[in-house]
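Residue-level structural notes
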Amino acid sequence: MILSATARPHPPAAAVSPAKAQIAFSHVTLDLGGKTIIEDVSLDVKPGEFLCIIGASGCGKTTALRLAAGLYQPTSGDVTFDGASMRAPRRDVAIVFQDYGKALLPWRTAAGNVSLALETIGMPASQRPARIDELLHKVGLPNHAGKYPAEMSGGMQQRLQIARCLAQEPKALLMDEPFGALDAMTRQGLQDEVLELVAASGATVIFVTHDLEEAIYLGDRVIGLLPHPGRIGIELTIDLPRPRDQLTTREQPEFLRLRRELFDFIKASEA
Amino acid sequence: MNPALLMWRAASFLVAAGFVGLWQLVANLKLVSPVFLPGPDRAWASLVRGFTSGDLLAKTIGTLEHMAYGWLLASIVGIALGAMIGSSKAMRSYVAPSLEFLRPLPVSAIIPVAIALFGLTQGMALFVIAFGAIWPMLLATVHGFAAVEPRLYEVARSLHMSRLAVIFKIALPSASPDIISGMRLSLTVALILAVVCEILAGLDGLGYWVLLSARAFRSADLFAGVILLGAIGYVTAQAMSMVEQRLLRWRTSGH
Ligand SMILES: Nc1ncnc2c1ncn2[C@@H]1O[C@H](COP(=O)(O)OP(=O)(O)OP(=O)(O)O)[C@@H](O)[C@H]1O
Ligand SMILES: [Mg+2]
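Each chain carries its own residue numbering, running from 1 in the written order of its sequence. Chain A is the first chain written and ligand 1 is the first ligand written, with later ones labelled in order. Per-residue local features are limited, in this predicted model, to residues with pLDDT of at least 70; the limit for side-chain atom pairs, both in listing and counting, is 80 or more; totals at the level of whole chains, interfaces and linings are taken over all residues. The basis for every side-chain value is the complete set of heavy atoms in the structure, and neither hydrogens nor water enter the calculation.

Remarks on the overall build of chain A
- When helices and strands are counted, chain A shows 11 helices and 10 strands.
- Within these notes, the globule rule equals 2.2 Å times the number of residues to the 0.38 power, and the radius of gyration is based on C-alpha atoms. Here the C-alpha radius of gyration of chain A, 19 Å, is about what a compact globule of 271 residues would show, namely 18 Å.
- Overall, the C-alpha framework of chain A stretches about 60 × 40 × 35 Å when taken along its three principal axes.
- The 271 residues of chain A split such that 56% are buried. Secondary structure counts use DSSP, requiring at least four H or I residues in a row for a helix and at least two E residues in a row for a strand, with both numbered from the N terminus. When a residue's accessible area, from a 1.4 Å probe over protein chains only, is under 20% of the maximum for its type it is buried; when over 50% it is exposed; and in between it is partly exposed.

Description of the environment of Pro136 of chain B
Residues and elements named next belong to chain B.
- By the secondary structure assignment, Pro136 is in helix H6 (residues 122-146).
- Taking the C-alpha atoms as reference points, Pro136 and Arg103, separated by 33 residues in sequence, lie 9.1 Å from one another.
- Any pair of residues with heavy atoms lying within 4.5 Å of one another is described as a contacting pair. If we skip the residues at most four places from it in the chain, Pro136 touches Gly182, Leu185 and Ser186.

Re the interface of chain B and chain A
- At the junction of the two partners, chain B supplies 19 residues and chain A supplies 27 residues.
- Put simply, buried area is the surface a 1.4 Å probe can reach on two separate parts but cannot reach once they are joined, added for both. Interface area for chain B against chain A, summed over the two sides, is near 2200 Å², with a carbon-plus-sulfur share of 60%.
- Looking at the side of chain B facing chain A, the largest losses of area belong to Arg151, Leu159 and Trp250 of chain B, adding up to 28% of the total buried there.
- By salt bridge we mean one thing: a side-chain nitrogen of Lys or Arg within 4 Å of a carboxyl oxygen of Asp or Glu. A salt bridge links Asp99 of chain A to Arg151 of chain B; the shortest N-O distance between them is 2.9 Å.
- Any N or O atom pair separated by 3.5 Å or less is treated as a polar contact, with the protein-specific requirement of one donor-capable and one acceptor-capable atom, and with residues adjacent in sequence counted only for side-chain atom pairs. Taken together, the links from chain B to chain A amount to 7 residue pairs in polar contact (both at pLDDT 80 or more).
- When contributions to the side of chain B that touches chain A are tallied by element, the ones reaching two or more residues are helix H7 (150-159), helix H8 (163-201) and helix H11 (249-252) of chain B.
- When residues in the side of chain B that touches chain A are grouped by element, the largest group, 7 residues, is from H7 of chain B.
- Residue composition of the side of chain B that touches chain A, by class: 7 nonpolar, 6 polar and 6 charged. Each residue gets one of three labels, nonpolar for Ala, Val, Leu, Ile, Met, Phe, Trp, Tyr, Cys and Pro, charged for Asp, Glu, Lys and Arg, and polar for the others, Gly among them.

Points about the site of ligand 1
Residue and element names in this part refer to chain A.
- Whether a residue is near a molecule or strand is decided by its heavy atoms; if any one of them lies within 4 Å of it, the residue is near. For ligand 1, the full set of nearby residues is Leu32, Lys35, Ile37, Ser57, Gly58, Cys59, Gly60, Lys61, Thr62, Thr63, Tyr72 and Glu177.
- Contact between ligand 1 and Gly60: an oxygen atom at 3.0 Å from a main-chain N or O atom of the residue.
- In this structure, an oxygen atom belonging to ligand 1 sits 2.7 Å away from a side-chain N or O atom of Lys61.
- Secondary structure elements with two or more residues in the shell around ligand 1: strand E2 (35-45) and helix H3 (61-69).

Describing the pattern of salt bridges
- Inspection of the entire model under this criterion finds 25 salt bridges over all chains.
- A salt bridge links Lys169 of chain B to Glu119 of chain A; the nearest nitrogen and oxygen atoms lie 2.9 Å apart. In this pair, Lys169 of chain B is assigned in helix H8 and Glu119 of chain A in helix H5 (residues 110-120), connecting two distinct chains.
- Since its relative accessible area comes to 19%, Glu119 of chain A is described here as buried.
- With a shortest N-O distance of 3.0 Å, Glu193 of chain A and Arg159 of chain A are connected by a salt bridge. Placement of the pair is Glu193 of chain A in helix H8 (residues 184-201) and Arg159 of chain A in helix H7 (residues 154-167), with a sequence separation of 34 residues.
- By relative accessible area, Arg159 of chain A is classed as buried at 17%.

Points about the layout of surface pockets
- Put simply, the grid is 1 Å and covers the protein atoms alone, a cavity is a trapped set of points that fit a 1.4 Å probe, a pocket is an open set with protein on both sides within 12 Å along at least five of seven lines, and lining residues have an atom within 4 Å of a point. Grid points are joined across faces, edges and corners, and a volume is the space filled by probe spheres set on the points. By volume, the largest pocket is sized at about 290 Å³.
- Surrounding the largest pocket, 16 residues form its lining, Gly86, Ser87, Ser88, Phe145 and Tyr153 of chain B being those nearest its centre.
- Elements with a minimum of two residues in the lining of the largest pocket: helix H3 (56-86), helix H4 (89-102), H6, H7 and H8 of chain B.
- At 4 residues, H8 of chain B tops the list of elements feeding residues into the lining of the largest pocket.
- A volume near 240 Å³ is recorded for the second largest pocket.
- Residue lining of the second largest pocket: 13 residues in total, with Leu195, Glu196, Ala199, Arg242 and Pro243 of chain A positioned closest to the centre.

With respect to the pairing of E2 of chain A
Residues and elements named next belong to chain A.
- For two strands to count as paired, DSSP must find a minimum of two bridges between them. In terms of strand pairing, strand E1 (residues 23-32) meets E2 through 7 bridges, oriented antiparallel. Looking at E2, one finds that Asp31 is bridged to Thr36.
- The antiparallel pairing of E1 with E2 creates a hairpin that spans 2 residues between the two strands, and Gly33 there sits at a positive phi of about 55 degrees.

Points about the sheet that holds strand E5 (residues 84-85) of chain A
Residue and element names in this part refer to chain A.
- Pairing is antiparallel in the open sheet, where 4 strands are placed in the order E2-E1-E4-E5. Looking at the sheet topology across the chains shown, the edges are occupied by E2 and E5.
- Against the sheet, H3 engages E1, E2 and strand E4 (76-81), with an angle of about 120 degrees to E1. Fitted lines through C-alpha atoms serve as axes, helices being fitted only where they are in contact, and the angles separating the N-to-C directions of these axes extend from 0 to 180 degrees.

Here it is, written out as structure tokens:
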């Protein structure tokens, strides 16, 4: 069978001791509406690792991410963060939603949206403007502080959501198809920006995408889910050198080989 | 201001001027007895006299006060209740049927009850005005709170926002367009009920002034009062629209 043939044994990740993992799923099963959506998923994400999750539509990627976020509680098994059970969302785990239009406060300007996170972590009002400037600058929106989300393009709104997440000073970023609704050029630009931001902050990332190339380009590791119920079907370590480059990285034989492998996996999983 | 808008303004002004002219014509030709219908000239004179030497200003303020107190009370209670009901699914399903029963109840039916409870007093007026004005706001607030984007609640959870912060920073602003349009509707209701209560209870205000003028066949004074009531309705609605535009700037901006 293709799946077992391509799913290479992957000693480094599997051998990591639970204490060392930052985000750990152990035998996680989740039932929703009488249906098993995620079944017996075990997974360790190390601090600073960039993990990508791919899979066919409806295979449970979003559900897995929401489990990692503490927005869902497993029916059985356990999700832990730094060794502690995820009973509820944590402030140091930020979530970037795909539907940025719904995740921003439309009645607040860009600065106001970033400020929401700063207000909540209790930063004094006098320190906020400087921090807001810094964050908006970081995500490439330095001159848009006074704009309302409705006045911004999709790419800008997603940048803004990322800025708000960075304001939480997260140890981990969970991103659910964050660039799914954006055009190819905007997408590639944001991919590089996210890589830079993550490299600078050292945050752990779980990144859900249905774009195989995006997953390989960004990740240290790619996990593919099988549908009905969602479970891990493939796990690939990406050893492409960093920093990655939109042109040269994507032309490397190793990149093409990995893409082929994931492509075959998706095709088989849909069959 | 763009030319099209200017045209509209000019046209509506001309129509209004036409009405006043027609009114003057009808009065001058005595098509209706002057005892019942004064011309705009006499109504205007009475208006000026009432403000300079009479107590028309005091009556106007009286009506504005009745209206404002009732409306404010209705706003506070309506928004607070609406927030409580709208933010909880259980509350919605428990309370919604009672609301559906109470809402179509004509306010006129509640007036005898209010008179029995409070007598012919300011308290009765406050109660009736507030009771009538609360519905648009209550229902709009319930709807606004129920329609908050669930994603925003997840953002709030992920940030560990306090309950109070969630209400004031997410739910209330999100519901504000609904709430404000409810408040605008209530304003008209409050004015109508202020006049009705003044007439019924003989409270100091334009409603009672209009009634007394009619009884004494002082038609010019009667019309002065009616014009003032119209002006109050118009000005308060305009003011509310301006507040609405300012507060909801985020909605109209952009594409
Ligand atoms: N709250 C829920 N109740 C019942 N079933 C659900 C619920 N949420 C998701 N599901 C089901 O779980 C499965 C996985 O959903 P999920 O949203 O995680 O998929 P996904 O991999 O993110 O898909 P996509 O690529 O389309 O975003 C789907 O079959 C979906 O219908
Ligand atoms: Mg999804």
